[in-house]
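Given next are the chains, with one letter for each unit.
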Amino acid sequence: MNGRVRRRRYSRRAFNGLTGNQLKLIGMLAMFADHIGAVVIQCGILHGRDALACSAIIATASGQRWLLVGKVCRYAGRLAFPIFAFLLVEGFRHSRNRAFYALRIGVLALVSEIPFDLAVYNTWFYPGYQNVLFTLLIGIVVMEGLELLDNLFLQIVVIAGGCGLAWVIKSDYSVLGVLLIAGLYWFRHNDVGQLVCGVALSAAESLNYYCVSALAYVPIVLYNGRRGAQEFKYLFYVIYPVHLLALHLFAGWITGRVGVDF
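Residues numbered from 1 in each chain as written. Predicted model: local features only at pLDDT ≥ 70, side-chain atom pairs only at ≥ 80, totals over all residues. Heavy atoms only, no water.

J.: Which residues make up the overall build of the protein, and what values go with them?
T.: Secondary structure assignment for the protein yields 11 helices and zero strands. Its helices and strands taken in sequence order, the protein reads α-α-α-α-α-α-α-α-α-α-α from the N to the C terminus. Across the 262 residues of the protein, 47% fall into the buried class. In the protein, once contacts between residues fewer than 6 apart in sequence are set aside, the share between residues at least 24 apart is 75%. A total accessible area of about 13600 Å² is found for the protein, and carbon and sulfur atoms account for 69% of it. (Helix = DSSP H or I, 4+ residues; strand = E, 2+ residues; numbered from the N terminus. Buried < 20%, exposed > 50% of the residue type's maximum accessible area, 1.4 Å probe, protein only. Contact = heavy atoms within 4.5 Å. Areas by Shrake-Rupley, 256 points an atom, 1.4 Å probe, with all protein chains shown as cover.)

J.: Break down the packing of aromatic side chains for me, with residues and values.
T.: In the structure shown here, the tally under the stated rule is eight aromatic pairs. Each ring, one from Phe92 and one from Tyr185, has its centre 5.6 Å from the other, and the planes form 80 degrees; the classification is edge-to-face. Here Phe92 is found in helix H4 (residues 80–94), whereas its partner Tyr185 is found in helix H8 (residues 174–186), with 93 residues between them in sequence. Summarising the burial analysis for this pair, Phe92 and Tyr185 share the class buried. An aromatic cluster of at least three residues, connected via ring pairs, comprises Tyr75, Tyr209 and Tyr210. (Phe/Tyr/Trp six-rings, centres within 6.5 Å; stacked < 30°, edge-to-face > 60°.)

J.: Lay out the pattern of salt bridges in plain terms, naming residues and giving numbers.
T.: Side chains that differ in sign of charge can pair as their charged atoms come close. Overall, the coordinates contain five salt bridges when judged by the stated rule. Linking Glu90 and Arg93 is a salt bridge whose minimum nitrogen-to-oxygen distance equals 3.4 Å. With Glu90 and Arg93 both in helix H4 and three residues apart, the pair spans about one turn of that helix. Arg93 sits in the partly exposed class, given a relative accessible area of 23%. For Arg98, the salt bridge goes to Glu144, with nearest N and O atoms at 3.9 Å. You can see Arg98 sitting in helix H5 (residues 98–121) and its partner Glu144 sitting in helix H6 (residues 132–148), a full 46 residues away along the chain. Arg98 gets classed as partly exposed once you look at its relative accessible area, which sits at 21%. One connected set of salt bridges, linked through shared partners, spans Asp34, Arg74 and Arg78. (Salt bridge = Lys/Arg side-chain N within 4 Å of Asp/Glu carboxyl O.)

J.: Which residues make up the environment of Ser112, and what values do they have?
T.: Here Ser112 shows up in helix H5. Along the chain, Ser112 and Val242 lie 130 residues apart, while their C-alpha atoms are 8.3 Å from each other. Dropping the residues within four chain positions of it, Ser112 is found in contact with Asn131, Leu133, Tyr240 and Pro241.

J.: Give me the packing of H4 against H6: which residues, what numbers.
T.: Running from N to C, H4 and H6 cross one another at 40 degrees; their axes reach a closest spacing of 11 Å. Accordingly, the angle class assigned to the pair H4 and H6 is oblique. Viewed along their axes, H4 and H6 form a crossing whose handedness is right-handed. Seen from H4, the contacting residues are Phe81, Leu88, Val89 and Phe92; seen from H6, they are Val132, Thr135, Leu136, Ile140, Met143, Glu144 and Glu147. Across the contact of H4 with H6, the residue classes break down as eight nonpolar, one polar and two charged. (Axes fitted to C-alpha atoms, helices over the stretch in contact; angles between N-to-C directions. Parallel < 35°, antiparallel > 145°, perpendicular 65-115°, else oblique. Left-handed = near helix turned anticlockwise from the far one by under 90°. Nonpolar A, V, L, I, M, F, W, Y, C, P; charged D, E, K, R; others polar.)

Printed below as a string of structure tokens:
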């Protein structure tokens, strides 16, 4: 399938469906839900880092209700990464300066690491797990390698190398995250192939959540190939670290904790 029929960009329905900005907002809302469930509810209200306190809380009726709300938020959050992976591929394909595109993601990954570690692990520095932006950065490098290399064996080596790096640094979504980005880029000219690959890998990534990540392709298939009237290009760059820090502070206020672990 060639670019002429890619997501009906030039069809009569080109102005229907979801724009890239609308798709990005859906992804951000899903991300907010996920982090509220993980940081505010699970780690905050339910005292998830203290096994004894958590067990006592969820033994109560109110604790069970909060546990359910937290699970709903986490399930909704499974839609975020497939959407952002898809938008990353679209952004890479249409970027006029891919080096600067990668630099923005890399700087944001570094800036976001402290807020991420505070929100998830309640510590300034946690080397055992890295935020999702490192996975996106690795995905950009892999896509660049796939485009520059014509040899199938070398392309597979590039994908394997990206997966290995994500596994070594333990970035969020890890190997399957890189595979999803690589797969979406590999089938960038084939809507059906991209959909099948995306649904399969997203489902595999969310097996513990009954494969709910595959539902992210409901809004993705409605994407009309247009950016949209509103400009949200840099919104995510600001919101990601800021909202993580805000949620950490709010969760700390809820639980009455003062300070963080060093």
